[in-house]
Amino acid sequence: MVLNELGRGITSALASMANAMVIDEAALDECLKEICKALLQSDVNVKLVAAMRSNVKKRVNVEELAAGLNKRKIIEKAVFDEICAMLDGGGDGDEKKAAAKDGASGSYGVRKGKPHVVMFVGLQGSGKTTTCTKYAYWHKKKGWKPALVCADTFRAGAFDQLKQNATKAQIPFYGSYEETDPAVIAQQGVELFRREGRDLIIVDTSGRHKQEAALFEEMRQVAEAVKPDLAVFVMDGSIGQAAFDQAKAFKESVEVGAVIVTKLDGHAKGGGALSAVAATKSPVIFYGTGRGHQEVFMLLEAYKHYAKYATQALKAANIPKNLKGGKGGDAPLNARHMQQTMQRMAGALPPQLLRQMGGPSGLAQLMKSMEQMGGGGMMPGGGGGGGGGKGRK
Ligand SMILES: Nc1nc2c(ncn2[C@@H]2O[C@H](COP(=O)(O)OP(=O)(O)OP(=O)(O)O)[C@@H](O)[C@H]2O)c(=O)[nH]1
């Protein structure tokens, strides 16, 4: 996946700076140049890249840093924070958008104990219908009672597609072959499933493009009819630079609170996602990596992506490269050491990112999942990083 290449590019830029004889303005500039190159190659908007560079430069004045301070650590932390800010959209502190407290019980913006309506919006063919079912299925596995409503009256066959997906995933659905007003169908479906006690009602809408004013008006009417707790902007990972304008147009019409990037199993560079994050000020919550409803390791994929940056946090928190214990460094970590490591790592992560990961317990769970996946990419020095970290000062 191209995101891995981005992760590698960033890690290797930081590693070469760390290996420089002297960390001065020139070394910082060289490191930032490499990071910017990696971001641009991944299709991240040039303005965002420039802003990231200038923010890091504003935060770190290498020449003025007092002697004795660990310049490498300060620079890594600044880069890490700025990249995280690109990912999580900054948020607006709105309670309803607060991340789920327990990463295992719900995804971003939905919490157990209260019914939710989640509306999916996006361009034609971005993967809304497919992702609706994946999203429903993912939550069903976590004990939710999801239901799907097809408010796409524009594309012939949309209802049949949703019906087919929902049937395979064994999730109740609602739609109509006769009714032509999507707002009416959406309202009827939401009311029906509310009566049935469903706690996650997902409304799929037609694909539309920002030039289509009438379709945008229709989307506003659907939102007005169902008053979603969360509107999710679904974007094709290969959309690239166009993501910013499109996402912005959606955000101006409905209160988009989260982004899902699809088709990252293909050749998509994925960097456009960061533009959508910037335009909607909302975080990426899932990644779609396939057509089937069971390809629902999306949150884990997102976590994996965060993990790249969490790796930087581990370094910034000065946690040893090798998390294994014992004299030879080969024994498994004991529980106490692991807990201490988690605490230090949690302390080094920006609070918002930590919240998205489900707090310290979500972070611990993530570490465990990464271990189970056998990648070791989460662990510093455990693969995935460039350079191996020798000769570091
Ligand atoms: N490879 C891959 N294909 C995907 C993914 N998500 C969706 N697709 C495919 O993309 C195509 C469009 O997906 P849909 O879910 O129909 O998209 P949509 O946004 O609902 O489409 P409209 O309602 O026409 O706007 C379908 O062929 C899906 O199988 C993904 O993550 N990976």
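Computed from a predicted model, the values in this text were never measured in an experiment. (Residues numbered from 1 in each chain as written. Predicted model: local features only at pLDDT ≥ 70, side-chain atom pairs only at ≥ 80, totals over all residues. Heavy atoms only, no water.)

## Thoughts on the overall build of the protein
So, point 1. Secondary structure assignment for the protein yields 14 helices and seven strands.
So, point 2. Taking all 393 residues of the protein together, 53% fall into the buried category.
So, point 3. Intrachain contacts of the protein at a sequence separation of at least 6 include 74% that bridge at least 24 residues. (Helix = DSSP H or I, 4+ residues; strand = E, 2+ residues; numbered from the N terminus. Buried < 20%, exposed > 50% of the residue type's maximum accessible area, 1.4 Å probe, protein only. Contact = heavy atoms within 4.5 Å.)

## Quick look at helix α3 (residues 46-59)
So, point 1. Helix length check: α3, at 14 residues, gives a terminal C-alpha distance of 20 Å against a target of 20 Å (1.5 Å per residue), a fit within 8%.
So, point 2. Looking only at α3, the buried set comprises L48, V49, M52 and V56. The buried residues of α3 occupy an angular sector of 100° when projected down its axis, which confines them to one face. Set apart from the buried face of α3 by more than 90 degrees, the exposed residues are V46, K47 and K58. (Expected span 1.5 Å × (residues − 1). Arc of directions from axis to C-beta.)

## Brief notes about the sheet that holds strand β1 (residues 116-122)
So, point 1. What the seven strands build is an open sheet, ordered β3-β2-β4-β1-β5-β6-β7; its pairing is parallel. Among the strands making up the open sheet, the edge pair consists of β3 (173-174) and β7 (284-287).
So, point 2. By the bridge criterion, five bridges tie β1 to strand β4 (residues 200-205) in an arrangement that is parallel. In the strand pairing of β4, M119 is matched with V203.
So, point 3. Most of the contacts of helix α7 (residues 182-195) go to strand β2 (residues 146-151), to which it runs at about 165°, and overall it touches β1, β2, β3 and β4. (Pairing = 2+ DSSP bridges. Axes fitted to C-alpha atoms, helices over the stretch in contact; angles between N-to-C directions.)

## Considering the environment of G197
So, point 1. Along the chain, the position of G197 falls in the loop between α7 and β4.
So, point 2. Its relative accessible area of 34% is what places G197 among the partly exposed residues.
So, point 3. Sequence-wise, G197 and P146 are 51 residues apart; in three dimensions their C-alpha atoms are separated by 9.7 Å.

## Notes on the site of the ligand
So, point 1. Around the ligand sit 19 residues in total, of which K128, T129, T130, R155 and D265 are the nearest.
So, point 2. In the model, an oxygen atom of the ligand is placed 2.9 Å from a nitrogen or oxygen of the G125 main chain.
So, point 3. K134 has a polar side-chain atom sitting 3.4 Å from an oxygen atom of the ligand.
So, point 4. Along the lines of polarity and charge, the residues of the shell around the ligand split into one nonpolar, eleven polar and seven charged. (Near = heavy atom within 4 Å. Polar contact = N/O pair within 3.5 Å; in protein donor to acceptor, adjacent residues only side chain to side chain. Nonpolar A, V, L, I, M, F, W, Y, C, P; charged D, E, K, R; others polar.)

## Concerning the confidence of the model for the protein
So, point 1. Here the protein averages 75 in pLDDT, while 66% of its residues score no lower than 70.
So, point 2. Across residues 294-304 the pLDDT falls below 50, and counting only partners more than four positions away or on other chains, this stretch makes 32 contacts in the model. (pLDDT = per-residue confidence, 0-100.)

## Quick notes on the pairing of β1
So, point 1. Along β1, seven of the seven residues are buried, which leaves the element largely enclosed by surrounding structure.
So, point 2. Pairing geometry for β1 and strand β5 (residues 230-236), over five bridges, is parallel. Opposite F120, over in β5, you have V232 as the bridge partner.

## Details of the packing of aromatic side chains
So, point 1. Inspection of the entire model under this criterion finds five aromatic pairs.
So, point 2. For the ring pair F233 and F250, a centre distance of 5.1 Å and an interplane angle of 50° mean the geometry is tilted. Of this pair, F233 sits in strand β5 while F250 is found in helix α9 (residues 243-253), placing the two residues 17 residues apart along the sequence.
So, point 3. When its relative accessible area of 1% is taken as the criterion, F233 is described as buried. (Phe/Tyr/Trp six-rings, centres within 6.5 Å; stacked < 30°, edge-to-face > 60°.)

## Notes on the packing of α9 against helix α10 (residues 272-280)
So, point 1. Here α9 crosses α10 at 30°, and the two axes come no closer than 8 Å. The element α9 and its partner α10 pack so that their crossing is right-handed. Of the residues in α10, those in contact with A243, F244, A247, K248 and K251 of α9 are G272, S275, A276, A278, A279 and T280.
So, point 2. Residues belonging to the contact of α9 with α10 are distributed by class as follows: six nonpolar, three polar and two charged. (Left-handed = near helix turned anticlockwise from the far one by under 90°.)

## A word on the pattern of salt bridges
So, point 1. In total, this model carries 14 salt bridges according to the counting rule given.
So, point 2. A salt bridge links K227 to E224, with the nearest nitrogen and oxygen atoms 3.2 Å apart. Each member of the pair K227 and E224 is classed as exposed.
So, point 3. Note that D236 and K263 form a salt bridge whose closest N and O atoms lie 3.4 Å from each other. One end of the pair, D236, is in strand β5; the other, K263, is in the loop between β6 (256-262) and α10, and 27 residues separate them in sequence.
So, point 4. The class for D236 is buried, based on a relative accessible area of 18%.
So, point 5. What emerges from the salt-bridge pattern is a single network uniting E25, D29, R53 and K57. (Salt bridge = Lys/Arg side-chain N within 4 Å of Asp/Glu carboxyl O.)

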